[in-house]
Every structure is written in C-alpha cells, then in structure tokens.
Amino acid sequence: MIQLEKFRKFLINRVTCTPSIIEYIENCLSTDNESIKYSFHKIMIHNWPESGPQLFDVLSEYFGVTIIPINFSTHQIVTTFYTSSLSFVLKVIKLDFMFPHRRNMSNIEILFNDKNSYDCFQERTTIEDIVSEVVSRRFNEYGELNLSNICNDPAFAEKKIYFYKLLLLSQFKILMIRMGKDTKLLNLSNNGLNHIPLDILNFFIKGDLTGVNLSNNNIPSIYELQRVSSKIEKLWIEGNPLCDEMDLNLYIKQILQKFPRLTELDGVKINNFGIMFPFYKSYMENPNKKTMAVIENFVSLYFAHYDTYPRKKIDMFYEPNAQFTLSTSFTKAEQNMMQSYTMFSRNILEPRTQMDLKYNRVYKTQYADVGVLSQLPESKHDFRTFNVDVLKHDNTTLILVIDGIYKEMPCDSNKEYYLQFRRTFIFNIRNVDTMSYYTIAYEMFSVSFASPEKIKNSFLTPVRHLNQLSLIDPEKEDKDIICGAFTHITQLKKSEAETRLKNHSWDLKRALSEFASEYKNDFLKAESFTKADLSDLSSVLDVDEID
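Residues numbered from 1 in each chain as written. Predicted model: local features only at pLDDT ≥ 70, side-chain atom pairs only at ≥ 80, totals over all residues. Heavy atoms only, no water.

## Let's talk about the nonpolar core
Thinking step 1. Judged by nonpolar contacts, the single largest core of 83 residues is most densely connected at Leu59, Val135, Ile150, Leu169, Leu214 and Ile255.
Thinking step 2. In terms of residue count, the dominant contributor to this core is helix α4 (residues 86-94) (6 residues).
Thinking step 3. Grouped together as the second largest cluster of nonpolar side chains are 38 residues, Phe298, Val370, Leu376 and Tyr417 included. (Core = buried A, V, L, I, M, F, W, Y, C linked by side-chain atoms within 4.5 Å. Buried < 20%, exposed > 50% of the residue type's maximum accessible area, 1.4 Å probe, protein only. Helix = DSSP H or I, 4+ residues; strand = E, 2+ residues; numbered from the N terminus.)

## Examining the pairing of strand β19 (residues 435-449)
Thinking step 1. One ladder, built from 7 bridges, connects strand β13 (residues 318-328) with β19; its direction is parallel. Bridged to Gln323 within β19 is Tyr442.
Thinking step 2. Relative to β19, strand β18 (residues 417-432) runs antiparallel, the two being bridged by 14 bridges. Paired with Ile429 across the strands is Tyr438, a residue of β19. (Pairing = 2+ DSSP bridges.)

## Section: the packing of helix α2 (residues 19-31) against α4
Thinking step 1. Between α2 and α4, the shortest axis-to-axis distance is 10 Å and the interhelical angle comes to 145 degrees. α2 and α4 meet at a crossing whose hand is left-handed. Across the interface between the two elements, Ile22, Ile25, Glu26, Cys28 and Leu29 from α2 touch Leu86, Ser87, Val89, Leu90, Ile93 and Lys94 from α4.
Thinking step 2. For the contact of α2 with α4, the residue count by class is 8 nonpolar, 1 polar and 2 charged. (Axes fitted to C-alpha atoms, helices over the stretch in contact; angles between N-to-C directions. Left-handed = near helix turned anticlockwise from the far one by under 90°. Contact = heavy atoms within 4.5 Å. Nonpolar A, V, L, I, M, F, W, Y, C, P; charged D, E, K, R; others polar.)

## What to know about the pairing of strand β2 (residues 39-46)
Thinking step 1. Of all 8 residues making up β2, 6 are buried, and the element is well covered by its neighbours.
Thinking step 2. Examined bridge by bridge, β2 and strand β6 (residues 104-116) share 6 bridges and lie antiparallel to one another. Across the sheet, Met44 pairs through a bridge with Glu109, a residue of β6.
Thinking step 3. Of the pairings in the sheet, the one linking β2 to strand β4 (residues 78-83) comprises 6 bridges and is antiparallel in character.

## Observations concerning the side chain of Ser60
Thinking step 1. By the secondary structure assignment, Ser60 is in helix α3 (residues 52-63).
Thinking step 2. For Ser60, a relative accessible area of 17% corresponds to the buried category.
Thinking step 3. A polar contact is formed between the side chain of Ser60 and the backbone oxygen of Phe56, at a distance of 2.8 Å.
Thinking step 4. Here Ser60 is in contact with Val65, Thr66, Ile67 and Tyr164, once residues within four sequence places are set aside. (Polar contact = N/O pair within 3.5 Å; in protein donor to acceptor, adjacent residues only side chain to side chain.)

## Section: the environment of Pro220
Thinking step 1. Tracing the chain through its elements places Pro220 in the loop between β9 (211-213) and β10 (234-236).
Thinking step 2. For Pro220, a relative accessible area of 49% gives the class partly exposed.
Thinking step 3. Sequence separation between Pro220 and Pro241 is 21 residues, and the spatial gap between their C-alpha atoms is 5.0 Å.
Thinking step 4. If we ignore the near neighbours within four places in the chain, the residues touching Pro220 are Asn194, Pro241 and Leu242.

Structural data, given as structure tokens:
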C-alpha cells in the first residue's frame, strides 16, 4: 500500500518508465494485491482519429486485453479514459507505449494510480461488482435474463462506465457461469449485434436455456442462426436484416429446419403441424396482448373451419340473430360462371332488380347466414395474402376487416377461380367474471375476381391447414416428406402411397382414413406392401381414431 501511494499520479511514458515500477506492477499481478483493484489509471492517447468502440477494439486486439473504460472523453488531440487493468498497463509499457493503426503508430501515456474507486464511483467498489449488480438485477424469478440494450443501462451511465458492446460480458466468467445455470430465456435484443455472440451464448446453452431473443439487431443472414443451439423452443429474430427480403413461408420453413423443437417464433405460437400465422404483426401498431390473442385465434380458427367443407362448424361463431350480407362485382358473363354467388348476393355493378327487391339479400338469423355460406363452393384461403385491420376493440365491441385471396372450384366446373374478398365482422362481447365471449353480430362479405397480379403473387408456397394434415400446391420436398410419413405408417410401397395421396389432394388424414377402411375390409393386395407381415397395423389404423 505504501508503494501504491509512492506511485500515485506518476506519469509513465517512454522517458519516465523505470525497472522499479515494472517490478512493482508484476508483483501486484503475481500476488493478486487486493488494494490495486480499487486503483484506476488514466490512459492518454494522442491523435486518435476515429470512434471510441474502434479504439477499444484495436487496443484489445493489439494488446490482448479487454478494456472496460471509465470517463471516456476526447479533448482536442487527446483521448482519455480510466482503467483498473494492470495487465493492460504492463503490456503498454512492454510494447514501448505505441500501437499501430492504419500505417501510423499511436502514442500512449499513463497517469498511474490517478484515482481510486471513491473518486470514480463515490464508494469502494470495482467494475466487476458493478457489472454483477447490473446483470443480477436483470434476472427475474421466471428464469429470464434481460440483457436487452445493456450497454445503455442507467447504472453504467451514472458511473460513466463506457460499456460499449455486449461481448464485454464474456470477460466476467464467474458471473456468466453462475447466470448460465439458471437462465431459461435469454434476451439479447437491441444490442447492435451483427453476428451470433457465441462468447455469451456458450455460458447458457449447457444449462436450462430454451428461449433466445435476438430481435432488433443487425444479424445479416439466416445462416448465422446455425450457431444457436437446436434445443431452443422460443426464438425472436424479427427486426434483423435477415428478415427484410425473405418470403414469409420460406423464412418459417428454414427456421423450423434448424429448430425442430420450436413452439414460438417472434412471439407467435406455432401450431401442431409446424406452421404459424404471424399475419397480425403487419397490421396492428403496438397491439395489446388481449387484442393480439383474440385476432390470432379467430382468424386461424374461423378460416380453418371455413375451408373444411361443408363448413358444418362455422355456426358456432355467429349469434342466433346475426345479420349477414353478400355483395359481388361480377359482370354478366362472370355471373354465369359464379351462379352460387349470384343466387345469394347483391351485385354492385348492376341496379337492384325486382328479384333483389323481393329478396333484399339481408340474412337475419344464424341459420340463414350459415346456410348461405355453406352453399358457396369449397375454398382454400392463402393466409399470406391477408391484410387485417382492427377498427375498434373495447369491452363491448370488436370491429374487424379482413382482405385477402382465396381460390375455389365450383362443383359444376373443372376450373379453379381466384377471388379477392373483404369481410367485415362486427362482434358483440359478453363478459362473464374474467372471461370474454365473442360472437359475430353482423358480417358484410364482398367478393370479386382477383387481378392477374394478385393471382400471380398468391399460393406461391405450400399452405397447410390448421385442422388438417394436408398440403395445397406442394413442392417436391414437401411431397417427399408427407409421402414418407404415409409409407412409414401404412407400410405401403412408395408408388402406391404417392398415388393414394394424389387422389386425396395430399390430405394425409383422408388418405389414411381410406386406407384404414380398405385394410379393415381386406380390399388391399399383398403386392401393395413393402413386407408381408402386417399384423401390427390393425391396432394402429383404427378408422374412428383417424376421424
């Protein structure tokens, strides 16, 4: 301690440096001198031309020591900061107070033991103590460690600690190992990351970590995610450049290939068949959780039931006295092709006819509403094309407008029609205790033929139903996957399995149901199977279970 005071505010440079001070620093490092941890040294760098983070990255790389600077500032031609790292001080001395940058040599001077922790922080503490306190405060009882935007934590700003990048945490190994054992969800959002921070993640992936939030960073490529553990169940990556120009379904597909255990992506739950519908993210500005949950559940469930012909279950969404109107904008030629719509709708391109006046096309009961909708041809909606607007949501009313594309094949035609729709739903909300019950009181349904441009941009990738194991317009890879599942379950030859799936429009559930029925009635030939012993199939393929 006497020697420490002896060298207080001692200016060390190429001229003043002596063997005695070098020996003193080496002794402190070898004996782990306790008092030196509370001593801070002023580093002065002349003519540094660039930013602080670049300076500290250059210093760390050249001297092999990570620096967490205090009181960083630049005044005229001198850049200064404080550090308690004696290892850095010793390396500066041994490397002759110089370091190279862009073909120039930059000069360093050190004011040794210029301040103590009381001078810097008004208390006896160390950088390690402060960082540990900040990180521990960001850990909650649910096992979530929130390191979002940690560089701007108020505690660092108050104490003038220049915590310029997240990766500085990797230097606090004991702290990170302790936090890594108990953390289940790690939030690394808003940290300016341009790559996956393995130096941080490695402390956590050997523990109970199942969720990682990497949103709102600068990660450029989806291939960077290969570095994240595949056991992750919840992942956030929205707000990174990798999301900007990627097709939604391709984005989901590639993420799921890497993370087979994933149950939630970007805050949206993935359903049992591996596909999610994060459409609400593009239309609701700062949505509250209640609205978000209601919209997601309604849109997913309603259109899943609507696309399951003959739409037996959509009646549960409507009130007994719900009112419904259907309007079209078909030409006379188009009306002939779309007779099912013409029978029940008002055409906005033509004045009201005597038939319209007699039957005003306003349906005023649940039975009538569902009766009309059930007589429209079988449909398939492309969720990717949906635009959803929430006009109102309070304790009594929800007003929802949905635009999008669907296709259908009328029973009297072999041609598919692509249609543009808009459906306005007005819900009444009934609140009982803590539960809210939503029922459709009014619906306005308008439909027209989709433009060539919209047709071109719809149904580009396979779409999976929410309540069916089926594919629409599958690619070869998707065909191989569902065909492999079918052959594994049925033990049919691949050619036989593929034929059956094609016959049922790649609907695995329907194909299995037909197979089970034929197997039960002994209609199948032995040569259709890959092996002769089929004794274990009867217990697996029960028709009632499949239905």
